[in-house]
Amino acid sequence: MKHWLMKSEPDEFSIDALERVRTEPWSGVRNYQARNFMLKDMKVGDPILFYHSNCAVPGVVGIAEVASAPYPDPTQFDPKSDYHDPASKPDEPRWWLVDVGFQRKFKRTVSLEELKAQAEAFGDFALLRRGNRLSVLPVTPAQFKRILSME
DNA sequence: GCCAACGTTGGC
DNA sequence: GCCAACGTTGGC
């Protein structure tokens, strides 16, 4: 079982929004590395750290899980969608996603600032790499556990 | 709102 | 295949 971290801008889709809808198709990922994690490496039931980005206090705010096998992101074929990709063909979809299911919301935000303060204990962590912009990234079991212990 | 970092595009 | 231009991400 692999562990993951997925970023979302709370203005767009927050942990509270996920708690309300329970399950959300993770549409709109348009980065090949992030897509490949969803398409090739995720399995139903894998734990996910839910991360709020681009906000006052960026950080991990809760736990979700992979809730479906990968399937083509429908927004790529929708001309009205911001995520429309005219170059993608229905018989050969370029963008794939998984459903993300709510597990629980943290009592408090484990902030990026706190994570950075422990950067050494985390070792190599994609989230803390300089200039990191990946919105879907792998987390080791030890890193996952450490973040849970910081709640 | 600024801007550094990074991915993608397209001309050559 | 190189690389400049451009667009986006995301912390601050």
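Conventions and cut-offs
Note that residues are indexed from 1 along each chain, following the sequence as it is written. Note on labels: chains are lettered from A, ligands numbered from 1, in written order. This being a predicted model, a pLDDT of at least 70 is required before a residue's local features are given, and a value of 80 or more before pairs of side-chain atoms are given or counted; all residues contribute to the totals for chains, interfaces and linings. Water and hydrogen atoms play no part in the side-chain values, which are based on all heavy atoms of the structure. Aromatic pairs are defined between Phe, Tyr and Trp rings, using the six-membered ring for Trp, whenever the two ring centres lie within 6.5 Å; interplanar angles under 30 degrees are classed as stacked, those over 60 as edge-to-face, and all others as tilted. Note on conventions: DSSP H or I runs of at least 4 residues are helices, E runs of at least 2 residues are strands, and numbering of each starts at the N terminus. Three labels apply to residues, based on accessible area from a 1.4 Å probe with only protein chains included: buried if under 20% of the type maximum, exposed if over 50%, partly exposed otherwise in between. Two strands are counted as paired when DSSP detects at least two bridges linking them. Taking the helix axis as origin, the arc is that swept by the directions to the C-beta atoms.

- As annotated in an unreviewed UniProt entry, chain A is EVE domain-containing protein from Arenimonas malthae CC-JY-1.

## Observations concerning the packing of aromatic side chains
Right, so step 1: In total, this model carries five aromatic pairs according to the counting rule given.
Right, so step 2: With centroids separated by 5.4 Å and ring planes inclined at 55°, the aromatic side chains of Trp4 and Phe37 adopt a geometry described as tilted. With Trp4 in strand E1 (residues 3-8) and Phe37 in helix H2 (residues 32-41), this residue pair connects regions lying 33 residues apart in the sequence. Comparing Trp4 with Phe37, the two get one shared label, buried.
Right, so step 3: When the centroid spacing of 5.8 Å and the interplanar angle of 85° are considered together, the rings of Trp26 and Phe50 count as edge-to-face.

## A look at the pairing of strand E3 (residues 47-52)
A regular strand carries its side chains on alternate faces of the sheet.
Right, so step 1: Among the six residues in E3, six count as buried, and that is most of the element.
Right, so step 2: Note that E3 and strand E4 (residues 59-66) share six bridges and pair antiparallel. Directly across from Tyr51, in E4, lies its bridge partner Val60.
Right, so step 3: Between the end of E3 and the start of E4, which pair antiparallel, lie six residues, with Asn54 showing a positive phi angle near 55°.

## Quick word on helix H5 (residues 141-149)
Right, so step 1: Of all the positions in H5, only Gln143, Phe144 and Ile147 are classed as buried. In an axial view of H5, the angular spread of the buried residues amounts to 100°, which keeps them on one side of the axis. In H5, those exposed residues whose orientation departs by more than 90 degrees from the buried face are Pro141, Ala142, Lys145 and Ser149.

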